[in-house]
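Here is what each chain is made of, one letter per residue.
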Amino acid sequence: VQLVESGGGLVQPGGSLRLSCAASGFTFSSYYMGWVRQVPGKGLEWVSYVDGVGGDTYYADSVKGRFTISRDNAKKTLYLQMNSLKPEDTALYYCARIIKIIATKPEYDYWGQGTQVTVSS
């Protein structure tokens, strides 16, 4: 299993970024996939996840209405469109494969190396 994120960078508050995650080594369409983030000194926070066909999406309250998750199963790629970015969105963002969801909380078994998102003026 390999997950490779890209698309992070430095953006001003209110700006946008689109993260991508290229997946390989497993049947991509068979799994829920998600994005998690980590701020230095804090734990992992799940951001969003999507079912295998892209029909059902879920978002943390902190990003609801600003972020949009999507997937292209033909390209085996997961996306996260981030709009209206805030300084508190600054984190290392990981793409992750989900193995189970309990009470809307996802559990992951594989994740990538992460891509840094920094929101600052």
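Each value, and the rule that gives it
Residues numbered from 1 in each chain as written. Predicted model: local features only at pLDDT ≥ 70, side-chain atom pairs only at ≥ 80, totals over all residues. Heavy atoms only, no water. Helix = DSSP H or I, 4+ residues; strand = E, 2+ residues; numbered from the N terminus. Rg over C-alpha atoms; globule rule 2.2 N^0.38 Å. Buried < 20%, exposed > 50% of the residue type's maximum accessible area, 1.4 Å probe, protein only. Contact = heavy atoms within 4.5 Å. Salt bridge = Lys/Arg side-chain N within 4 Å of Asp/Glu carboxyl O. Polar contact = N/O pair within 3.5 Å; in protein donor to acceptor, adjacent residues only side chain to side chain. Disulfide = S-S within 2.5 Å.

S.K.: Please explain the overall build of the protein as it appears in this structure.
M.R.: Helix and strand counts for the protein come out as zero helices and eleven strands. In sequence order, the secondary structure elements of the protein are arranged as β-β-β-β-β-β-β-β-β-β-β. Here the protein has a C-alpha radius of gyration of 13 Å; the compact-globule value for 121 residues is 14 Å, and the two agree. Seen along its three principal axes, the alpha-carbon backbone of the protein occupies a region of about 40 × 30 × 25 Å. The buried share of the protein, reckoned over its 121 residues, is 40%. The long-range fraction of contacts in the protein, counting pairs at least 24 apart against all pairs at least 6 apart in sequence, stands at 54%.

S.K.: Whenever I open this one, the pattern of salt bridges confuses me. Can you help?
M.R.: For the structure shown, the criterion picks out five salt bridges. One salt bridge in this structure joins Arg37 and Glu45, with 2.8 Å as the shortest N-O distance. By relative accessible area, which is 5% here, Arg37 ends up buried. Two residues, Lys64 and Asp61, come together in a salt bridge whose shortest N-O distance is 3.1 Å. Judged by its relative accessible area of 66%, Asp61 falls in the exposed class. It is possible to trace a salt-bridge network through shared partners that takes in Arg37, Glu45, Arg66 and Asp89.

S.K.: What am I meant to see in the side chain of Thr115 here?
M.R.: Tracing the backbone shows Thr115 in strand β11 (residues 115-119). Of the polar contacts made by the side chain of Thr115, one reaches the backbone nitrogen of Gly8; its length is 3.0 Å.

S.K.: Is there a simple way to explain the state of the cysteines in this structure?
M.R.: Such a bond, covalent and formed between the sulfur atoms of two cysteines, is termed a disulfide. A complete count under the given rule lists one disulfide for this structure. The partner cysteine of Cys21 in its disulfide is Cys95, sulfur to sulfur 2.1 Å. An S-S torsion of about -65° defines the bridge between Cys21 and Cys95 as left-handed. Of this pair, Cys21 sits in strand β3 (residues 17-24) while Cys95 sits in strand β9 (residues 91-102); the two residues are 74 residues apart in sequence, bridging distant segments of the chain. The pair formed by Cys21 and Cys95 is uniform in burial state, with each residue classed as buried.

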